[in-house]
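# Understanding the architecture of this molecule
Chain residues, written in single-letter form:
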Amino acid sequence: MRRYKKLNLFSFRIYIDIFAPITLLLFLFVGIGLTAAESPNRQHDRLWMNTSLTPERRADLLLRAMTLDEKITMVHGVDPRPIHGYVGYVPGNARLSIPVLRLADGRAGVGNGAKDVTLLPAPIAAAASWDTTLLHAFGEVLGNEEWGKGTNVSLAPSIDVVRVPEWGRTFESYGEDPYFNGQMAIAEIQGIQSQGPIANANMYLTMNQENNRFKEDSVVDRRTLHEIYLPPFEAAVEEGHVGTVMCAYVETNGTYSCENPYLLTGLLKKYLNFQGWVMSDWGATHSTVASANAGLDQEMPGAKYYGEPLKTAIENGQVSRPTLDEHVRRILVTMFRFGLFDKQPAGSWDAYVRTSAHAAFSLRAAEEGTVLLKNADNLLPLPVNASIAVIGAAGGTKPKASGGGSSGMVAPYVIAPADGIRKRIGGRAQVSYADGSDLAKAVAVAKAAKVAIVFVNTDDSEGRDRPNLELPNNQNELVQDVAAANPNTIVVLNTGGAVLMPWIEKIRGLVEAWYPGQEDGTAIAAILYGDVNPSGKLPLTFPRNATEIPTGTVEQWPGAHGISSYSEKLDVGYRWYDAHRVQPLFPFGYGLSYTTFKLSGLQVTPTSTSGAGLDKNVRASLKVMNTGKRAGAEVIQVYIEQPEKNGEPPRQLRGFTKVDLEAGQTKSVRLTLNRRSFSIYDPELHQWKVPSGRYRIMVGTSSRELPLQSDVEVVDNEIP
Ligand code: BGC
């Protein structure tokens, strides 16, 4: 102790004697330097910190005070991983009071290895609820935990339309319909942004496959681009007011997304009037000059193109100073708009952010998103006194609660289905388990029980598409053998999207539970035993076989010579099945309940209108009755069939609403259609139009169950 003190004293003396004068000189130099650098700023006196000014005014004031280097710092990330845990990081600027940007992944909760967070169901599961209120709450939980972790830019949601059923990231998205994805995006974005973080709509655009994703060129016509792939982003921008957009890895029509002037400046910033900023996906920037001039505002995660090379390009005039200012200004305006200069997340990456309320929400979302697909002879819901054989890795030893890749998570816990079922039964019947690796053992276990529940799964992840739609490993065999051994076999799917089910006729019950999050076992038990009446609907078509799918040729997927040909054009998802009169196994919008519903009394007004009259909207009203014996919820879906000459797919979703009904209860439902509901995109005119003709309004409970129909005549409207 003493020695230590002495030493300290000694060193201090040396410091005073020798270093003090040097330090003093240093201070003087730095002081002069700082004053010089700050001099343009002085007269502003940080006026941008005045919260009564508009975000735009504040950004302009700040921009004027920034040096070239300070601007460059804003337009790229620095690799934060070794220090902070975040996946993206832009340092702050103390001189100008610019806060740090901390970006984190997570589409089903905070990702990037964060601990003590809530694992929500995969977004495809949440979307299968067809409930925008639930998606808003989903965004709130995610946004709240991100903010609690210190994140101020949350890299969610992922909103691309699912074009290829094998797409490895299907589970991160909402499904195959542009309008539907747009509605889900609006809700989730608003939910996230209500909690503090800026949301991020990704991945822009035509990001529809993982195979060859760093090089693949999506070749797509403009009408399809506008009608199928752009609408979710349009909704995210116009109604979701999303603060950031992430450009994708792939190319669209020969140019990488992140240096594509048509996509970034033409469509996103001009046509959609997006006011926020565009960041590249991680490593999706491929150039300096082309990207900067095309409209990419920020390179992520590093400085390869937007660090020194951008400074050089500015100095030699290849990128103009106003162009750089525009990029920086978008970032600053958004940061001001979201109040980041005025309030920062208090928490840090190590914060404990999960709560019991969030766990309860995770459970509810998993329950609401579960889709009942088959229920022969009303085998479900199960009685608690029936002995159960739980079969399959996903049912016990390896629950499949989440997908992989950048939205992979560290789950605080996952309730395995076998445990959830055991807990629900509470000792009133026997529950046995076999993981399915040994077929003979699985069969024996199945035989000994009254009911066999087989859990099968796919291992979907970013970075790879599924090779095909078959269940991997020996799972088809497992289901077949179990079904042969036990007449009461139920299959639970833990998949990121559609799979083929050659054994469908052999089983009596089928449930799609997706990747259900941490409450996996509790949620599935609540469904199987009828504590929760299933009300989810498929946001994707499940095909009957491998050949009858919209992207069945190699040229379409995974592509030939680096090109994926979007030759199916508008016929994406159910649109293709309808256009080609192919019967899917389970259609888009399909899902059963433990009760029954009846729709009646459709009234559409007006039944005839001019194009201009469409601005006053068309209303469809009907009655829905719960004709069964238990409370439940039904999703009312409205599709429009266009006049044949318009060259559109047979029917397209244009509205939906979820209605809760007590047993025997009837409710009136009203849905509104607007001009856009009737419009088609004219690539020559570069705008939407509503050709005159007879439009059929079709209302029902799936894309193939549309019992109520009525026409609307649009007159005198050849010119939009
Ligand atoms: C993914 C993005 C993700 C980013 C950062 C990329 O590989 O495509 O969705 O946000 O990594 O982890």
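Burial of the side chains of strand β9 (residues 277-280) extends over both faces: Trp277 and Met279 are buried on one face and Val278 and Ser280 on the other. Two elements, strand β6 (residues 244-247) and β9, share four bridges in a ladder whose sense is parallel. Across the sheet, residue Thr244 finds its bridge partner in β9, namely Trp277.

Turning to the state of the cysteines, a few remarks are in order. In total, this model carries one disulfide according to the counting rule given. Between the sulfur atoms of Cys247 and its disulfide partner Cys258 the distance amounts to 2.1 Å. Between Cys247 and Cys258, the disulfide has an S-S torsion of 115° and is therefore right-handed. Taken together, the positions of Cys247 in strand β6 and Cys258 in the loop between β8 (255-256) and α9 (261-271) put the pair eleven residues apart, joining distant regions of the chain. Each member of the pair, Cys247 as well as Cys258, carries the same accessibility label: buried.

On to the domain arrangement of the protein. When its domains are assigned, the protein resolves into domain 1 (362-558 + 570-579) and domain 2 (597-715). Using only C-alpha atoms to locate each centre, domain 1 and domain 2 end up separated by 32 Å. Taken together, the 13 residues of domain 1 in the interface contact 20 residues of domain 2. Between domain 1 and domain 2 the total buried area reaches about 1,200 Å² when both faces are included, carbon and sulfur atoms providing 46% of it. Three residues stand out in domain 1 for area buried against domain 2, namely Lys537, Tyr574 and Asp578, and they jointly supply 42% of the buried area on that side. Across the domain 1-domain 2 interface, the total number found is four salt bridges. Across the salt bridge formed by Lys658 and Glu368, the nearest N and O atoms sit 3.7 Å from each other. Linking domain 1 with domain 2 are ten residue pairs in polar contact (both at pLDDT 80 or more). If one sorts the elements of the side of domain 1 that touches domain 2 by residue count, helix α18 (residues 574-579) sits on top with five residues. Of the residues belonging to the side of domain 1 that touches domain 2, the class tally is five nonpolar, three polar and five charged.

Further remarks concern the sheet that holds strand β18 (residues 608-610). Pairing within the open sheet is mixed, and its five strands lie in the order β18-β26-β25-β20-β21. Both edges of this open sheet fall to β18 and β21 (652-661), since each of them pairs with a single strand only. Mean inter-strand twist for the sheet, computed between neighbouring axes without regard to direction, equals 25°. Bridging between strand β20 (residues 632-641) and β21 involves nine bridges; their strand directions are antiparallel.

The environment of the ligand is formed by Val87, Asp105, Arg107, Leu155, Arg169, Arg213, Met246, Tyr249, Asp281, Trp282, Ser406 and Glu462. Between the ligand and Arg169 there is a distance of 2.8 Å, counted from an oxygen atom to a side-chain nitrogen or oxygen. Within the side chain of Glu462, an N or O atom sits 2.6 Å from an oxygen atom of the ligand. For the ligand, the accessible surface in isolation is 310 Å², of which the surrounding protein chains cover 92%. Residues of the shell around the ligand, tallied by class, amount to five nonpolar, one polar and six charged.

This paragraph deals with helix α5 (residues 132-148). Each α-helix winds once per 3.6 residues, and so residues spaced three or four apart point in a common direction. The end-to-end C-alpha distance of α5, which contains 17 residues, comes to 24 Å, matching closely the 24 Å that a straight helix rising 1.5 Å per residue would cover. Residues of α5 that are buried: Leu134, Leu135, Ala137, Phe138, Gly139, Val141, Leu142, Gly143, Glu145, Glu146 and Trp147. On the buried face of α5, the contacting elements are β2 (101-104), α4 (123-127), β3 (153-154), α6 (178-193) and α13 (356-369). Between the side-chain oxygen of the N-cap and the backbone nitrogen of Thr133 there are 3.0 Å, and the N-cap of α5 in question is Asp131.

With an omega dihedral of 0°, the bond running from Asn202 to Met203 counts as a cis peptide bond. By the element assignment, Met203 lies in strand β4 (residues 200-204). In this structure, Pro558 follows Trp557 across a cis peptide bond, with omega equal to 0°. Along the chain, the position of Pro558 falls in the loop between α17 (520-528) and β16 (563-565). Even without being glycine, Asn273 reaches a positive phi, approximately 60°.

So, on to the nonpolar core. Tyr204, Leu332, Ile391, Leu493, Met501 and Leu510 are the most contacted members of the largest nonpolar core, which totals 161 residues. Residues lining this core come from more than one domain, with at least three contributed by each of domain 1 (362-558 + 570-579) and domain 2 (597-715). Residues within four places of Leu493 in sequence aside, it is in contact with Leu373, Val456, Val499, Met501, Trp503, Leu510, Val511, Glu512, Ala513, Trp514 and Phe542. By size, the runner-up hydrophobic cluster in this structure holds 28 residues, among which are Val451, Ala513, Tyr529 and Tyr594.

Any two side chains of opposite charge can pair, on the condition that their charged atoms come close. All told, the structure shown has 32 salt bridges when counted by the stated rule. Among the salt bridges present, the one from Glu172 reaches Arg169, with a minimum N-O distance of 2.8 Å. For Arg169, a relative accessible area of 2% gives the class buried. The partner of Glu648 in a salt bridge is Arg223, and the shortest N-O contact between them spans 2.5 Å. Residue Glu648 is found in the loop between β20 and β21, and its partner Arg223 is found in helix α7 (residues 222-229); the two are separated by 425 residues along the sequence.

Cut-offs and rules
- Residues numbered from 1 in each chain as written.
- Predicted model: local features only at pLDDT ≥ 70, side-chain atom pairs only at ≥ 80, totals over all residues.
- Heavy atoms only, no water.
- Buried < 20%, exposed > 50% of the residue type's maximum accessible area, 1.4 Å probe, protein only.
- Helix = DSSP H or I, 4+ residues; strand = E, 2+ residues; numbered from the N terminus.
- Pairing = 2+ DSSP bridges.
- Disulfide = S-S within 2.5 Å.
- Domains from an automatic or database assignment.
- Contact = heavy atoms within 4.5 Å.
- Buried area = accessible area lost by both parts, 1.4 Å probe.
- Salt bridge = Lys/Arg side-chain N within 4 Å of Asp/Glu carboxyl O.
- Polar contact = N/O pair within 3.5 Å; in protein donor to acceptor, adjacent residues only side chain to side chain.
- Nonpolar A, V, L, I, M, F, W, Y, C, P; charged D, E, K, R; others polar.
- Axes fitted to C-alpha atoms, helices over the stretch in contact; angles between N-to-C directions.
- Near = heavy atom within 4 Å.
- Areas by Shrake-Rupley, 256 points an atom, 1.4 Å probe, with all protein chains shown as cover.
- Expected span 1.5 Å × (residues − 1).
- Core = buried A, V, L, I, M, F, W, Y, C linked by side-chain atoms within 4.5 Å.

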